[in-house]
Amino acid sequence: MGKQKIIIVGGVAGGATAAARLRRLDEQAEIILFEKGEYISFANCGLPYYIGEVIKDKEALLVQTPEKMGQRFNLDIRIHSEVTKIEPAEKKVTVYDSQRKKHYEEVYDKLILAPGAEPVKPNLPGINSKKIFTLRNVPDTYRIKDYVDNQKPEHAVIVGAGFIGLEVAENLHHLGVKVSIVELADHVIGPLDLEMATLVHQHLQAKNIKLYLQDGVKSFTENQSHLEVDLQSGKRLKADLVIMGIGVKPETKLAKEAGLQLGQTGGILVNEYLETSDPHIYAVGDAIEVTEFISRQPRLMPLAGPANKQGRIAANNVYGKKEQYHGVLGTAIAKIFDLTVALVGNNEPNLIQRQIPYEKSFTHSGSHAAYYPGALPLSIKLLFHRENGSILGAQIVGFAGVDKRIDVLATALQAKMSVFDLEKLELAYAPPFSSAKDPINIAGYTAANILKEDARIFHWNEVTELNPEKDLLIDVRTPEEFALGSIARAINIPIDDLRERTSEISKDKNIHLFCQVGLRGYTAYRILAQQGFTNIKNLSGGYKTYQ
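Residues numbered from 1 in each chain as written. Predicted model: local features only at pLDDT ≥ 70, side-chain atom pairs only at ≥ 80, totals over all residues. Heavy atoms only, no water.

Caption draft 1: Region of the structure containing a nonpolar patch on the surface. On the surface, a cluster of nonpolar side chains totalling about 360 Å² of accessible area is made up of Y371, Y372 and Y429. Note on placement: Y429 falls in the loop between α11 (419-424) and α12 (439-451). (Patch = residues over 30% accessible without salt bridge, like charges linked within 9 Å, V, L, I, M, F, W, Y side chains within 5 Å. Areas by Shrake-Rupley, 256 points an atom, 1.4 Å probe, with all protein chains shown as cover. Salt bridge = Lys/Arg side-chain N within 4 Å of Asp/Glu carboxyl O. Helix = DSSP H or I, 4+ residues; strand = E, 2+ residues; numbered from the N terminus.)

Caption draft 2: The pairing of strand β15 (residues 217-222), seen in detail. Two elements, β15 and strand β16 (residues 227-231), share five bridges in a ladder whose sense is antiparallel. Across the sheet, T221 pairs through a bridge with E228, a residue of β16. Adjacent in sequence and paired antiparallel, β15 and β16 are bridged by four residues. (Pairing = 2+ DSSP bridges.)

Caption draft 3: Spatial organisation of the pattern of salt bridges. Applying the stated criterion across every chain yields a total of 26 salt bridges. Across the pair D475 and R477 runs a salt bridge whose closest N-O atoms are separated by 2.8 Å. D475 gets classed as buried once you look at its relative accessible area, which sits at 0%. When salt bridges that share partners are traced, they join D193, E195, E348, K360 and K381 into one network. (Buried < 20%, exposed > 50% of the residue type's maximum accessible area, 1.4 Å probe, protein only.)

Caption draft 4: Up close: the sheet that holds strand β2 (residues 30-35). Spatially, the five strands line up as an open sheet ordered β5-β2-β1-β9-β20, and their pairing is parallel. At either end of the open sheet lies a strand with only one pairing partner, and these are β5 (76-79) and β20 (281-283). Pairwise comparison of adjacent strand axes, ignoring direction, gives a mean angle of 15° for this sheet. Pairing between β2 and β5: four bridges, direction parallel. Looking at β5, one finds that E35 is bridged to I79. Together, β1 (5-9), β2 and β9 (110-113) form the strand contacts of helix α1 (residues 12-25), whose direction differs from that of β2 by roughly 170°. (Axes fitted to C-alpha atoms, helices over the stretch in contact; angles between N-to-C directions. Contact = heavy atoms within 4.5 Å.)

Caption draft 5: Main features of helix α14 (residues 519-529). Restricting attention to buried positions, one finds in α14 the residues G521, A524, Y525, I527 and L528. The arc enclosing the buried residues of α14, seen along the axis, measures out at 165°, which places them on a common side. Taken together, the buried residues of α14 touch β31 (510-514) and β32 (536-539). (Arc of directions from axis to C-beta.)

Caption draft 6: Structural detail: the packing of α1 against helix α8 (residues 304-319). Packing of α1 against α8 brings their axes to within 7 Å, and their N-to-C directions diverge by 35°. Judged by the sense of rotation from one axis to the other, the crossing of α1 with α8 is right-handed. Each of A13, G14, T17, A18, R21, L22, R24 and L25 in α1 lies in contact with α8, whose residues at this interface are A304, A307, N308, G311, R312, A315, N316, V318 and Y319. (Left-handed = near helix turned anticlockwise from the far one by under 90°.)

Caption draft 7: Expanded view of the pairing of strand β29 (residues 471-475). Of all five residues in β29, five are buried; the element is thus mostly enclosed. What you see with β29 is no split at all: D471, L473 and D475 on one side and L472 and I474 on the other are buried throughout. Here β29 runs beside β31; their pairing, made up of five bridges, is parallel. Across the sheet, I474 pairs through a bridge with L513, a residue of β31.

Okay, structure coming up:
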């Protein structure tokens, strides 16, 4: 292979990774990286924590400087340099140097696009107020931090309850700011399913964060001291600071004007080798349309992990080491105050939309052995194929041990394992870290029991459909637990009394059992099933999930 000239448009996760990988493969290539801003490699996911002073040193946000990276990898890195035009037929780009205020051209043999994504900023009245910010890059972060330090805002409104919005809410709260969150959907963190998100709602409210769900902003009105944020519901919120966090959209203007094909989601279309519709141009990161690993459907997935991997694979392919990108799982995790929220794969709306036959289970385990001090609740929702038990997605909310469990499930999903495999996994156990039956094993047992019909289940949202004439609800918890709250119309037969009290249960009715988290309900199910009862179901996830 002769000496190549490779141009990379954009730094950060995808572009900077591609540049470093290319140099490791080819010491002779001429590699130019253009970045329209000042920073080529920064810790995107760390930005909210600098605002909240969890990360105190602003330099810690900079993963690599242009000078150090350029020297180490012998790269021609040009910051304040925006590629404004691509001419694929001539294999040529036009660059605007914002410091010298001039345009110039560069030719290339191969081009890698990593333009990223830009925050969505709706065209609302008053949106251009200087009290309204978006958070996407280092300059945004410095602007917000300077504003907070100098203006000392008392009230902040976060518009959008995705991961970034919630992380900013937490960090502003740490600084003593009163925070309200406005979200158009009926729950926070869009990819989470409702019943898992309600655990987050409860935690946010316990921290005195005000939630305005199923509501949106109509307009912003600035007066002398603060902003009035008018909501679609008619409510009016007072704000000294507004952060817009309603999502991002892929930066595709450059690609579109160059005649490159876009996908149905609006991202740059690439094949499995990350080639665009022009064989000399590759694209990576937040700007591209990716393939979802399980369904093989197109998606946008603005995450740092996939962008890094794509940068490396694109560089391999530019160099001639053919490597395929197999798609995204969408594994994500976030700290929301004391809670950890994590997810991988599909949620229920995805599966319904794609008409994939699925079942779900809810389990609530301890983060480690109950007898060892400090065990905390860990809630797992598992989505799996109704026919073969293959894992389709998972969501976990808890206070400890969430990260390692989601990574096990992500690995299992990528390995195309089933819930029956989760039963058999041999995971590390010592009382401070886990239980002899890890929460992942418990999730596997529970899902496998459902598929094998060792325990038929019903779900929290089916409770309201029960008919008092035909359906009997039995709470098998202790009388003390029952007295603290139960499902309406339920009768209390504690699990330890069940064998002696089966005469009280009519075999002509459909028996719906429940306990606190599902385990005692399952035991009760097995007792009744072996005493001739046939129409039995156990509430998945128990009263905790229903509540």
